[in-house]
Amino acid sequence: VLLVPNMGLAVILEQSFGIMLDFALPIMYFYKYIVEDHPKKKELQKFYWRPFYAHWIHLLFTILPLVFANFFVGNDSWFTAYLETAIYVSAPITHILYCHWAHDFDRLLSEPSEATPLIPDRKKHDHINGNEDGEEYDPQLRDDDDELKKGLIVEHAWVYLVIGFLLGLIPLIGIPKFLLGLCKNHPFCWSNEIIGTTIALVHPGLSNAFEHRMMQLDLAEKARAHPGCIDYKIVKNLFNPHEFRFIEHWKDEASLKTWMAGLPHEVFHKDQATQEMLVGGKLEIQGGYTKLFPPECSPHTEGGTLFLLRSSCNAIWKSLSDWRRDCSWVQEGCKVLSNYENTRVLHMKVGPNQHQRLESTDSANKILSYTFTAPSKLEGFTGTIALASVSTGCAATYTFTIPQNSTMALEEGYNLLFDNHGLALCKRFGGKWCK
């Protein structure tokens, strides 16, 4: 990352070489532990068994589960639980095995008198001629040491690295490209970006002075040059020249806080000239905002509107809450054909019969929710009506949700709302849009 300032390229390089080692090392260990024919094969196997099992556990139960976990973000299933368990369990096991192997490695490279039993019967041959201090060694054992240590060296390591690099491209590029290719047009549904608006109200007659002060401080240009700033503008109200707005777009909250602690703090909290220009001596912060995301980012699509009705909320609620008998607010001329528990079948004057299930009623707050249940285009459509008294009568807030897997478009939901419920409510309880 330090050598390559471009973060995207740095991540690709880091991932490429990291995964290269994840695949190359188990291949090396497999060759040394299983395949290679060496005079000291048993001793080499005793040395290589720990890294052999450690890195295969690391690859199969840590690295690959991390790759597959990317396909199940946000899911809650037995498979995601398995992936998480495999990662949490395998990581410490790998570390423990490698720690033990590090001790083996250190002992093997130590002096022969301190060597481990990796070389068979070492303790029986440590001394010759009864020399208890072990200062002289059997030349044959020293040759065995040299031969064993040569056997530990991995020849042609670059071949394994190349093979590991190529295999690493499978989870790094191959799987995302071919398995996730169906999702390449999926909308981006999450962001740390912050868009903020702040208002500066200046005293009459000081509009030009404030504008020139901001230009002299070069506030906008310095903000745009600050790390994490996507855009920064200072604009003046055409109809009120004493009102200025600071419109800011930042990569994340941390970048914004860093900026606010610098130049803005000096200008708007410590600079007396600027403070005296502002009404109240400070800026008026409107709040923080974030991006709008497409409907595909939500498990359902939402819509809604407000109906202002002339009748009282009590009279309207009396009709809405009579679930078993009254459906006049659903569509003009509607009749209730049958009821079973909280589900009713409605005969519609226009269109096919409808099946509705009562989800909840809140008499105290006058809120009713229901869902269409029959196998049709309306299935899963949920509507909620909330009544609130106003000076002219009653305000009926109607909201609805359409499940993401529905074939019903949002515009059809609004047509259903206005052509059926809205018109029926209007004609029965009075409304400005009645025709």
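Keep in mind the model is a prediction, meaning the values are calculated, not measured. (Residues numbered from 1 in each chain as written. Predicted model: local features only at pLDDT ≥ 70, side-chain atom pairs only at ≥ 80, totals over all residues. Heavy atoms only, no water.)

Asker: Would you mind going over the overall build of the protein with me for this structure?
Answerer: Each helix and strand in the protein was counted, giving twelve helices and eleven strands. A total of 435 residues make up the protein; the buried ones form 36% of that total. Counting contacts in the protein only where the partners sit at least 6 residues apart, residues at least 24 apart contribute 58% of the total. (Helix = DSSP H or I, 4+ residues; strand = E, 2+ residues; numbered from the N terminus. Buried < 20%, exposed > 50% of the residue type's maximum accessible area, 1.4 Å probe, protein only. Contact = heavy atoms within 4.5 Å.)

Asker: How should the layout of surface pockets be read in this particular structure?
Answerer: One water molecule sets the probe size; rolling that probe over the atoms shows where empty space is left. Looking at the largest pocket, its volume works out to about 410 Å³. Taken together, 21 residues form the lining of the largest pocket, with Thr-198, Glu-248, Met-260, Leu-283 and Ile-285 sitting closest to its centre. If you list the elements that add at least two residues to the lining of the largest pocket, you get strand E1 (194–201), strand E3 (243–250), helix H8 (253–260), helix H9 (263–270) and strand E4 (284–289). If you tally residues by element for the lining of the largest pocket, the top one is E1, at five residues. Residues belonging to the lining of the largest pocket are distributed by class as follows: twelve nonpolar, seven polar and two charged. (1 Å grid on protein atoms, 1.4 Å probe; cavity = no way out; pocket = protein on both sides within 12 Å on 5 of 7 lines; lining within 4 Å. Points joined across faces, edges and corners; volume = space filled by probe spheres on them. Nonpolar A, V, L, I, M, F, W, Y, C, P; charged D, E, K, R; others polar.)

Asker: I tried to follow the sheet that holds strand E8 (residues 354–362) on my own but got confused; where do I start?
Answerer: Where strands meet in a sheet, backbone hydrogen bonds hold them as pairs that are either parallel or antiparallel. Here seven strands make up an open sheet; going across it, the order is E5-E11-E10-E9-E8-E7-E6 and the pairing antiparallel. A single partner strand is all that each edge strand has here, and the edge strands are strand E5 (300–309) and strand E6 (335–340). With strand direction ignored, the average angle separating the axes of adjacent strands in the sheet is 25°. Summarising the sheet, E5 and strand E11 (residues 393–403) pair through ten bridges and their orientation is antiparallel. Looking at E11, one finds that Thr-301 is bridged to Ile-402. (Pairing = 2+ DSSP bridges. Axes fitted to C-alpha atoms, helices over the stretch in contact; angles between N-to-C directions.)

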